[in-house]
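Per-entry structural report
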Amino acid sequence: MSVKTTCPYCGVGCGVVARKGADGTVSVEGDKEHPANFGRLCSKGSALAETIDLDGRLLEPMVNGAPATWDDALDIVADGFAKVIREHGPDAVAFYVSGQLLTEDYYVVNKLSKGFVGTANIDTNSRLCMASSVVGHKRAFGSDTVPGCYEDLEQADLLVFVGSNAAWCHPILHQRMLAAKEKNPNCKIVVIDPRRTATCEGADLHLSLRAGSDTVLFNGLLAYLAGNNVIDREFVGSSTTGVADALAEVAGQTVARTAAICGLTEGTVSLFFDWFAKTERVVTLYSQGVNQSTSGVDKVNSIINCHLLTGRIGRPGMGPFSLTGQPNAMGGREVGGLANQLAAHMELEKAEHRDIVQRFWRAPVMADKGGLKAVDMFDAVAAGKVKAIWIMSTNPVVSLPDADRVRAALEACELVVVSDCMRSTDTTRHAHVLLPALAWGEKDGTVTNSERRISRQRSFLPAPGEARADWRIICDVASRMGYAGFDYAGVADVFREHADLSGFENAGKRDFDISAMAGLDDSAYEAMAPVQWPVTAAQPLGTARMFQTNEFFTPDRKARFIPIVPRPARNPTSREYRLVLNTGRVRDQWHTMTRTGKTARLLSHIFEPYAEFHPEDARLAGVKQDGLALLTSAWGKMVARVVVTAEQKRGCVFVPMHWNEEFAGEGRVNALVNPAVDPLSGQPESKHTPIKADPYKPKWQAFILSRNEIKRPDSGYWVHGKAGDCWRLEVTGNERPESWRDWARAQLGLDGVEIEWIAYRDPTAGRFRYAAVRDGRLEGCVFIAPNHTLPSRAWLIGLFAEQELSANARMSLLAGKPFGDGEDKGAIVCSCFSIGRNQITAEIKKGSDSVEAIGRCLKAGTNCGGCKPELNKLIAATAPMRQAIAS
Ligand code: SF4
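Scope of this entry: the structure provided in the associated data block. Note that the structure is predicted; figures quoted are calculated from it, not measured.

Thresholds, definitions, all that
Residues numbered from 1 in each chain as written. Predicted model: local features only at pLDDT ≥ 70, side-chain atom pairs only at ≥ 80, totals over all residues. Heavy atoms only, no water. Helix = DSSP H or I, 4+ residues; strand = E, 2+ residues; numbered from the N terminus. Buried < 20%, exposed > 50% of the residue type's maximum accessible area, 1.4 Å probe, protein only. Contact = heavy atoms within 4.5 Å. Core = buried A, V, L, I, M, F, W, Y, C linked by side-chain atoms within 4.5 Å. Near = heavy atom within 4 Å. Nonpolar A, V, L, I, M, F, W, Y, C, P; charged D, E, K, R; others polar. Phe/Tyr/Trp six-rings, centres within 6.5 Å; stacked < 30°, edge-to-face > 60°. Lys NZ or Arg CZ within 6 Å of the ring centre and 35° of its normal. Polar contact = N/O pair within 3.5 Å; in protein donor to acceptor, adjacent residues only side chain to side chain. Salt bridge = Lys/Arg side-chain N within 4 Å of Asp/Glu carboxyl O. Pairing = 2+ DSSP bridges. Axes fitted to C-alpha atoms, helices over the stretch in contact; angles between N-to-C directions.

On a plain count of helices and strands, the protein chain comes out with 30 helices and 35 strands. For the C-alpha atoms alone, the extent of the protein chain along its principal axes is close to 80 × 70 × 55 Å. When each of the 887 residues of the protein chain is scored for burial, the buried share is 64%. Counting only contacts in the protein chain whose residues sit at least 6 apart along the sequence, the fraction spanning at least 24 positions is 71%.

With that settled, consider the nonpolar core. Formed by 123 residues in total, the largest nonpolar core has its most connected members in Phe272 and Trp390. Those residues in contact with tryptophan 390 that lie beyond four places of it in its chain are Val77, Phe81, Ala94, Phe95, Tyr96, Val417, Ser419, Leu435, Ile473, Ile474 and Val477. Formed by 38 residues, the second largest nonpolar core is a distinct cluster that contains Val3, Tyr150, Met330 and Trp590.

Quick look at the site of the ligand now. Taken together, Cys7, Tyr9, Cys10, Gly13, Cys14, Leu41, Cys42, Lys44, Gly45, Pro171 and Ile172 make up the full set of residues adjacent to the ligand. Elements supplying a minimum of two residues to the shell around the ligand: helix 1 (43-46) and helix 7 (171-183). Among the residues making up the shell around the ligand, the classes are represented as 8 nonpolar, 2 polar and 1 charged.

Here the focus is the environment of lysine 83. Mapped onto the elements of the fold, lysine 83 is located in helix 2 (residues 70-88). Judged by its relative accessible area of 41%, lysine 83 is partly exposed. Along the sequence, lysine 83 and leucine 173 sit 90 residues apart, while their C-alpha atoms lie 48 Å from each other.

So, about the packing of aromatic side chains. Throughout the structure, instances matching the rule amount to 29 aromatic pairs. Aromatic side chains tyrosine 96 and phenylalanine 378 sit 5.2 Å apart centroid to centroid with 90° between the ring planes, which places their arrangement in the edge-to-face category. With a gap of 282 residues between them, tyrosine 96 in strand 6 (residues 93-97) and phenylalanine 378 in helix 17 (residues 374-382) connect regions that are remote in the sequence. Neither tyrosine 96 nor phenylalanine 378 differs from the other in exposure class; each is buried. An aromatic cluster of three or more residues is present, and its members are Phe141, Phe235, Phe547, Phe552 and Phe553. Here the basic side chain of arginine 195 rests over the ring of phenylalanine 654, its NZ or CZ set 3.5 Å away from the ring centre.

Another point: the side chain of serine 213. By the secondary structure assignment, serine 213 is in the loop between strand 10 (205-207) and helix 8 (214-227). Among the polar contacts listed, one links the side chain of serine 213 to the backbone oxygen of arginine 210, at a separation of 2.7 Å. Setting aside its immediate chain neighbours within four residues, serine 213 contacts Ile261 and Cys262.

Moving on: the environment of threonine 25. By the element assignment, threonine 25 lies in the loop between strand 2 (15-20) and strand 3 (26-30). Residues threonine 25 and alanine 49 lie 24 residues apart in sequence; the distance between their C-alpha atoms is 8.6 Å. Reaching out from threonine 25, the side chain makes a polar contact with the side chain of aspartate 23 at a distance of 2.7 Å.

Attention now moves to the pattern of salt bridges. Oppositely charged side chains can form a pair if their charged atoms are brought close together. Going through the model one piece at a time under the given rule, you end up with 59 salt bridges. Here arginine 480 makes a salt bridge to aspartate 71, at a shortest N to O gap of 2.7 Å. In this pair, arginine 480 sits in helix 20 (residues 470-480) while aspartate 71 sits in helix 2, placing the two residues 409 residues apart along the sequence. Since its relative accessible area comes to 47%, aspartate 71 is described here as partly exposed. Among the salt bridges present, the one from aspartate 617 reaches arginine 578, with a minimum N-O distance of 3.6 Å. Within this pair, whereas aspartate 617 is found in helix 24 (residues 615-621), its partner arginine 578 is found in the loop between strand 20 (559-560) and strand 21 (579-584), the two being separated by 39 residues in sequence. Judged by its relative accessible area of 1%, aspartate 617 is buried. The class for arginine 578 is partly exposed, based on a relative accessible area of 34%. Residues joined by salt bridges that share partners form a network here, namely Asp404, Arg407, Asp426, Arg429, Glu661, Glu662 and Arg668.

Now for the sheet that holds strand 22 (residues 610-613). A barrel is described by the order of its strands in space; here 6 strands give the closed sequence 21-25-22-24-23-27, paired in mixed fashion. For this sheet, the mean inter-axis angle between neighbouring strands, taken without regard to orientation, is 45°. Summarising the sheet, strand 21 and strand 25 (residues 652-656) pair through 5 bridges and their orientation is parallel. Pairing of leucine 581 across the sheet is with valine 653, part of strand 25.

This part takes up the pairing of strand 32 (residues 767-774). Most of strand 32 sits inside the fold, with 6 of its 8 residues counted as buried. Pairing of strand 31 (residues 756-762) with strand 32 involves 7 bridges; the strand directions are antiparallel. If you follow tyrosine 760 over to strand 32, its bridge partner there is arginine 769. The turn joining strand 31 and strand 32, which pair antiparallel and follow one another in sequence, is formed by 4 residues; a positive phi near 75° is taken by glycine 766.

Moving on: the pairing of strand 28 (residues 700-706). Taking burial as the measure, the 7 residues of strand 28 include 7 buried ones, the bulk of the element. Going residue by residue along strand 28, you find Trp700, Ala702, Ile704 and Ser706 tucked away on one face and Gln701, Phe703 and Leu705 tucked away on the opposite face as well. Sheet topology note: the strand 28/strand 30 (residues 726-733) ladder contains 7 bridges and is antiparallel. Of the residues in strand 30, the one forming a bridge with isoleucine 704 is leucine 729. For strand 28 and strand 33 (residues 777-785), the ladder comprises 6 bridges, and the chain directions are antiparallel. Paired with alanine 702 across the two strands is isoleucine 784, which belongs to strand 33.

Take the sheet that holds strand 31 next. Taking strand neighbours across the sheet as the criterion, the 7 strands line up as 26-29-30-28-33-32-31 in an open arrangement whose pairing is antiparallel. Edge positions in the sheet fall to strand 26 (664-665) and strand 31, since each of these pairs with one other strand and no more. Packing of helix 25 (residues 740-747) onto the sheet brings it into contact with strand 28, strand 30, strand 31, strand 32 and strand 33, and relative to strand 28 it is tilted by some 40°. Contacts from helix 27 (residues 807-815) reach strand 31, strand 32 and strand 33 within the one sheet, and its direction differs from that of strand 31 by about 35°.

In structure tokens:
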């Protein structure tokens, strides 16, 4: 059996074909017919089949930690919410939902909150992802419209990435652009990012600007375009308003001044401005580096201003393009999942829109003011103003800024309900009621990707245990609360209502209109092909590109220039906190790792949370490559492994956002992140928190590899996860056990088991090595040292694949290093084929001097292609060495 569905990770929205064998095994491959990916999947998408087991799943409702029936759990939720509303009013309850929800789930929870409970206290983790783009779009276009499509990215002659590491965060789309560039010798790529990211590999120009100076750069570009008469006067005159004010704001801003403020050379700025000015087909792509800022909305509008001045919008190969992080951030926007939106892209503040939605829903009430946005919502929980909160498919204790405060808020809340597919997360631990939800592969509905393309997520697995669809759970609670209008026959029924509302009293006034799909019967919904909205009677096959007629959704149908006054960061650095913390993603993990953290393959690329320092900052802080650093801000602290690289901007530290208490102790970066938000969008500033860094020096460090799952420590820095055929624990401590041997045996879970010990002890140096062998096979090993100088994990993990340890391997275990070339493959670079750094550099030294040549010899880079930027980097670093050896 094979089923076409959609990847549940990033906003690229790749099509997936899932195949289920007669024995129940599942395999996945890219859907060759899906217009987002044409058959390709990145490392995360390729590993989807490895993440669908039921390990760790929440399979039954739980109340106060004990199993409960669905009837009891739903009654407790409905009665609890009804009681709080009765006693304290509708604004005393809140819903915190997720871009992981399907559009149908999103639609019904938004309807319940705004139209029946009567509160707009519903917000989504998409607030952390693209809320600034939503406001920027609305200010400029009068609607939250992404103008272009993926084909525009292939047709452009200049691609400008701003605050976007698309090579890691939107890999398949990035590879589409690189492939188009290869065919188009005129195409150039510019990356604007303080950090030299993987996206810089293959770029023609990198602007390593000062963190947060994007508005200055784009204001400078606007001034340059105006000064050089690069203005589409007809478009600006007939289709826009406000140009004079926007230009007045940037008057006199020279290249020199722009360069000085942005921390760039004049030459670099001039070159970028010149390319932008001379290239008609320009797409400016932006992502979290723009959105996650206290100036996020202004950054978006500073970019859009440049496209409006040049009329580069609504035509092939050009336009501003917001890359959404989440798989259904766009679907959430369509149903009004944010606290300041109404359904179908209508406005909460507009009485006319409230009236339309209320009449359509036959709703008893309608929220008439914006609700609490994500950060404010948890502040209100902490203050006791919100007394009941329902969190769906998201992990705010990990992902929200000032995350320890979020945890404390939930601990103090009267009623915390969490619907999730996983039993144990940093957030589910604080739930009074846990409701088991369906996961990817089991649930059914639609999602919308970054180019407005609606695709079906289809189920191909049975509902496990007692898990239910989110939309069904929400409707069951709504009905128990006495609300009519939630008796849907099925998920297709929800979609039809959502589509119908989009066209209700619309007549072209609103951008989001999929009314042509309101009449789909169940089988047509089941068979729905990916389609870009709007989908109307006039455009029944969808709409690739918006604003082609130069008409926008403002009252006068004209786009608006917004004058931008650059503002400094809300929390500047100080003598104590002199470094700027910038958070982001890594290539092979997704969000809080609840799914991608299940697979050893994806953990093999980067196992530990890390902090990336510029060499000079590392020197000043006294931290060393591979050592540990204690990072502290005014809000919290964490510990991370140190990476020292000249690719980091001086004064900045990068830390990924994924690790949490399921995978690491002291590894939650959002505990540090300041809760400052953009005043217009409410999106938190995740890219600019002042921090300090100090060496973290426990008395000892160790790692353990074991066939048995290793118990997680209760405190200190540790990292836990799967690794090849074993489990891996990185652990540190300040207390030394009486017997390291007994400690090692206990860690491996081998007390009372007959094993052969291979042991090496050097108490003076504080080094101990233990390996347990059973029936000739390596059962586990423990390596302890006074610091981070421990042997290669990749080599030892490889030994677990061997059925019988060779004499050489036993000697190696004692010596703590592999004997013989090629034994240690090094840190994994290509996770698809498990190819390590040492293997790749050896191949480059032998003469493979291109990604293709490495692919032919090692297969690295030949599946998802996500490691190609790292292969290029290794070639650049190793090739000169090869030449030196040759000469
Ligand atoms: Fe999934 Fe990767 Fe495609 Fe994103 S790029 S949708 S993570 S396969």
